Amino acid sequence: MTLQLLLVEDDAAYAAALADELRGIGHTVTVAGDGRAALTAMNEAAFDAVILDRMMPRLDGMSVLQTLRSGGMTLPVIMLTALSASQDKVEGLEAGADDYVVKPVAASELQARLTAILRGRGWTASSADTLQAGDIVVSPTTFRAWRRGRPIDLAKLELKLLIELVRNADAVLTRAMLIERVWGYDFMPDTNLVDVHIRRLRRKLTEGGDDDPIQTLRGIGYMLRG
Amino acid sequence: MKPGLRSLTVGFLAAFLVATAGTGYATYRLTIGTITDLVDRRIENVSALVAADGARDGAPVLLARIDALAGRRDTGDIGFQLTDAAGRRLGGNVTLTRRFSPGYSDVRRLDRIQGLTAGRAFTRRVGDGLTLTTIAETEPFDGYGGVRLRIYLFGYGLILVVVLGGLIVFGRTIARRFAATRRTVEAIIAGDMQRRVPVTGAQDEFDSQAQAFNRMLDRIAELMAGLRNVSNDVAHDLRTPLARLRSRLTTIAAGAAPETAVAIDQAIGECDSLLAMVAAMLRIAEIETGRRTAGFAATDLTMLIGEIGETLAPVAEESGHRLVVETARPAWIVGDARLIEQALINGVENALRHTPAGSRIVMGTAIVGDRAVVRIADDGPGIPAEQRALALRRFGRLEASRQRPGHGLGLPLIAAIMRLHGGELHLADGEPGLVLGLAFPRDADDQKRTVASRP
């Protein structure tokens, strides 16, 4: 998947490094140094997604986002911020950002989040009561899960984890994304609690002798094969 | 060695007593001496009136003069006795029981002269073998010596009482002010950099001392803040290169042979610990700005520890620990649930890190007065009382735990979160083990509800 990305970041060195990384995984990246330059760039060319620094001179990230959304531009926006203050996050998401990450962020993390956003947009929320990925079916409303039609007995957290994996089947979920979405934390615990819960989930999914549907991506995260 | 305040006080008191007693004695001697002189001169004069020097008037004339003088108002209190060469009494208005040698002598109660307790006698030869003794009292009335003693005791005693009282009040005042300073110093040592020595507003030496001391503390706090800013800036600037290093390692690991990949994984793990430390530092800095109070809402601690239990019990199980969550009544507070979760997770992670496999970690809530308290107790080795202040300090890792993973910011982070909530973090002895007490101010509405529901 090659995306046309606009990276809006006033720290030139950081922007160059991140752009290089993103190009390294196959994307086309345009860099804008401030909010005005970003709006100009978006008038001149079409982008698949915008990575937007929150704090910038000459029109900060929040103003750019508000201008975009009030102008009816719905393209995905990931906000970058230096601090993890949850109030910032709430404001950013309320202003219409699709995701919010704390700097510095690895290209792999951005990639996983971009994929999740783009896939999420394809979902129609009311399409079904259940979600499916391969031979796994989960019901977020009744909190139940099946593999090959056989019910799996899962703890609440394991089920939330599985729902997230199924929803993003064939896409990478980083540990940070899982911590945010399954646990709702805005910090990374020191212990490997994501790995522990994934291990438990894996054990229960493979109890019936089925193969392991969860792939570990070393240093990045996990992916459920669809 | 310089004398202490106590021995200085005792020494001063002793010197004061000696000086007082000395002054009293000297005054007494001087008064007695003066009176004796005066009386001596008087009886000598009167004696001369009876018989002038060198005159040989004979006994009858002398006795007649004595009678005249004894009848006069100004010499009526003088006693006279005239004796002949054989010592026989020839006359006079007193009768002496012993013989006085010529010159001055003391007269006492023993001499049994009526109406006289103490006095002076002057004896001289007045020609023809005759001897004349004149006597006068040195006391204006009987028992005057006792009165004098009482005057001295009362006068100097009063001075002594005033000085003693003054010493005690003075000593107490000094001790109280020193104690206030000492309490501040102890609070500062314990990590409460906000504490200052109380200033009474009396504008005295103590106040200027306290103000100087407080200015010093302000300056230290300023320097510490400066240092913290520098370390926060360093942490901030370390994040980007660390993240880049991590992502490089991840890329290399993806294409590496399995045995190399394991080593790279370890390197990624090291990167993650560094990033975690940096994140914790910046998190503390973020909390200390106080901005997070904007997101405060009513939160039930009992529900939170239940959720933390679900999250961490499997983690504890993998490392051979047992995490138990005690059920309890709801404990409502007003706070930032995300931050409190972080504090609780840090507390349990701290217990997991510092106790051996097989240890039990118990989490529970309790209402203690106006506080809602979360207890995280383990039965591990605990922290000795004298090292608890160090454990709360940033990077203040105890010698015993240096070899274990962790960045030394776990407890300081909890303490910062507690301060933001107007609560405090207590470390206590679990006998055995360590007990973390996270005491939050209770939600006022919850307090009302509980009071209202009491029978």
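Rules behind the numbers
- Residues numbered from 1 in each chain as written.
- Chains lettered and ligands numbered in written order.
- Predicted model: local features only at pLDDT ≥ 70, side-chain atom pairs only at ≥ 80, totals over all residues.
- Heavy atoms only, no water.
- Helix = DSSP H or I, 4+ residues; strand = E, 2+ residues; numbered from the N terminus.
- Buried < 20%, exposed > 50% of the residue type's maximum accessible area, 1.4 Å probe, protein only.
- Contact = heavy atoms within 4.5 Å.
- Buried area = accessible area lost by both parts, 1.4 Å probe.
- Salt bridge = Lys/Arg side-chain N within 4 Å of Asp/Glu carboxyl O.
- Polar contact = N/O pair within 3.5 Å; in protein donor to acceptor, adjacent residues only side chain to side chain.
- Nonpolar A, V, L, I, M, F, W, Y, C, P; charged D, E, K, R; others polar.
- Axes fitted to C-alpha atoms, helices over the stretch in contact; angles between N-to-C directions.
- Parallel < 35°, antiparallel > 145°, perpendicular 65-115°, else oblique.
- pLDDT = per-residue confidence, 0-100.
- UniProt positions renumbered as here; feature names shortened; annotations may be inferred.
- Expected span 1.5 Å × (residues − 1).
- Phe/Tyr/Trp six-rings, centres within 6.5 Å; stacked < 30°, edge-to-face > 60°.
- Left-handed = near helix turned anticlockwise from the far one by under 90°.
- Arc of directions from axis to C-beta.

An unreviewed UniProt entry lists chain A under the name Response regulator transcription factor, with Sphingomonas kyungheensis given as the organism.

Draft legend 1. Geometry of the overall build of chain A. Summing up its helical and strand segments, chain A has 8 helices and 12 strands in all. Per-residue burial over chain A gives 50% buried out of 226 residues. Across chain A, the fraction of contacts at a sequence separation of at least 24, relative to all contacts at a separation of at least 6, is 58%.

Draft legend 2. Main features of the interface of chain B and chain A. Across the boundary between the two partners, chain B contributes 35 residues, which contact 32 residues of chain A. A buried area of about 2,900 Å², summed over both sides, lies between chain B and chain A, and 52% of it is on carbon and sulfur atoms. Viewed at the interface, chain A and chain B are joined by 5 salt bridges. Summed over the shared surface of chain B and chain A, the number is 8 residue pairs in polar contact (both at pLDDT 80 or more). Only α4 (205–254), α5 (258–288), α6 (301–318) and α7 (337–354) of chain B provide two or more residues apiece to the side of chain B that touches chain A. Broken down by element, the residue count for the side of chain B that touches chain A peaks at 9 residues, all from α4 of chain B. Tallied by class, the residues present in the side of chain B that touches chain A amount to 11 nonpolar, 8 polar and 16 charged.

Draft legend 3. Focus on the packing of helix α1 (residues 5–50) of chain B against helix α2 (residues 59–71) of chain B. Residue and element names in this part refer to chain B. Contact pair α1 / α2: the axes reach a minimum separation of 9 Å and the direction vectors enclose 130°. Here α1 lies oblique to α2, going by the angle between them. Every residue of α2 that contacts α1 at V46, L49 and V50 is listed here: L62, R65, I66 and L69. Class assignment for the residues of the contact of α1 with α2 results in 6 nonpolar, no polar and 1 charged.

Draft legend 4. Representation of the confidence of the model for chain B in the model. With 94% of its residues at a pLDDT of 70 or more, chain B has an overall mean of 86. As scored by the predictor, the complex reaches a pTM of 0.65 and an ipTM of 0.82.

Draft legend 5. Local environment of the environment of L304 of chain B. Residues and elements named next belong to chain B. As for its placement among the helices and strands, L304 is situated in helix α6. L304 gets classed as buried once you look at its relative accessible area, which sits at 2%. In this structure, the C-alpha to C-alpha distance between L304 and R338, residues 34 residues apart in sequence, is 9.7 Å. When near neighbours in sequence (up to four residues on either side) are disregarded, L304 contacts T299, A337, I340, E341 and L344.

Draft legend 6. Expanded view of the UniProt feature "modified residue: 4-aspartylphosphate" (unreviewed entry) in chain A. All names here are of chain A. Using the residue numbers shown here, the UniProt feature "modified residue: 4-aspartylphosphate" (unreviewed entry) corresponds to D53. Along the chain, the position of D53 falls in strand β3 (residues 49–53). With residues up to four places along the chain from it excluded, the contact list for D53 reads V8, E9, D10, G61, L80 and K103.

Draft legend 7. View of helix α1 (residues 12–24) of chain A. Residues and elements named next belong to chain A. With 13 residues, α1 extends 18 Å between its outermost C-alpha atoms, agreeing within 8% with the 18 Å of an ideal straight helix rising 1.5 Å per residue. Where α1 is concerned, the buried positions are Y14, A15, A17, L18, A19 and L22. At the C-terminal side of α1, G26 shows a positive phi close to 105°.

Draft legend 8. Molecular detail of the packing of aromatic side chains. Residues and elements named next belong to chain B. Enumeration according to the criterion identifies 5 aromatic pairs over all chains in this entry. Here Y28 and Y152 contribute two aromatic rings whose centre-to-centre distance is 6.4 Å and whose plane-to-plane angle is 75°, an arrangement assigned as edge-to-face. Here Y28, found in helix α1, pairs with Y152, found in helix α3 (residues 144–189); they are 124 residues apart in sequence, far enough to count as distant. Note on Y28: relative accessible area 31%, which makes it partly exposed. Aromatic side chains Y152 and Y156 sit 6.3 Å apart centroid to centroid with 40° between the ring planes, which places their arrangement in the tilted category. Highlighted residues: Y152 and Y156, both in helix α3, separated by 4 residues, approximately one helical turn. The exposure class assigned to Y152 is buried, which follows from its relative accessible area of 18%. Through a chain of ring-to-ring contacts, the aromatic side chains of Y28, Y152 and Y156 assemble into a single cluster.

Draft legend 9. The side chain of R202 of chain A, seen in detail. All names here are of chain A. Note that R202 resides in helix α8 (residues 193–205). From its side chain, R202 meets the backbone oxygen of I214 in a polar contact 3.1 Å long. Other than its neighbours up to four places away in sequence, R202 contacts D212, I214, Q215, T216 and Y222.

Draft legend 10. Fine view of the packing of helix α6 (residues 156–167) of chain A against helix α7 (residues 175–183) of chain A. Residue and element names in this part refer to chain A. Between α6 and α7, whose axes approach to 10 Å, the crossing angle comes to 120°. Looking at the two axes, α6 sits oblique to α7. Helix-helix and strand crossings are classified by hand; for α6 and α7 the assignment is right-handed. Contacts between α6 and α7 involve L157, K160, L161 and E164 on the former and, on the latter, L178, R181, V182 and W183. Here the contact of α6 with α7 is composed, by residue class, of 5 nonpolar, no polar and 3 charged.

Draft legend 11. Examining α2 of chain B more closely. Residue and element names in this part refer to chain B. Taking 1.5 Å as the rise per residue, α2 with 13 residues should run 18 Å; its terminal C-alpha atoms sit 18 Å apart, in good agreement. Of the positions making up α2, those classed as buried are A59, L62, I66 and L69. Projection of α2 onto a plane perpendicular to its axis shows the buried side chains occupying an angular sector of 90°, all on one side. Of the residues in α2, the exposed ones pointing more than 90 degrees away from the buried face are P60, D67 and G71. Residues of α2 that are buried make contact with α1, β1 (79–83), β2 (89–91) and β5 (131–137).

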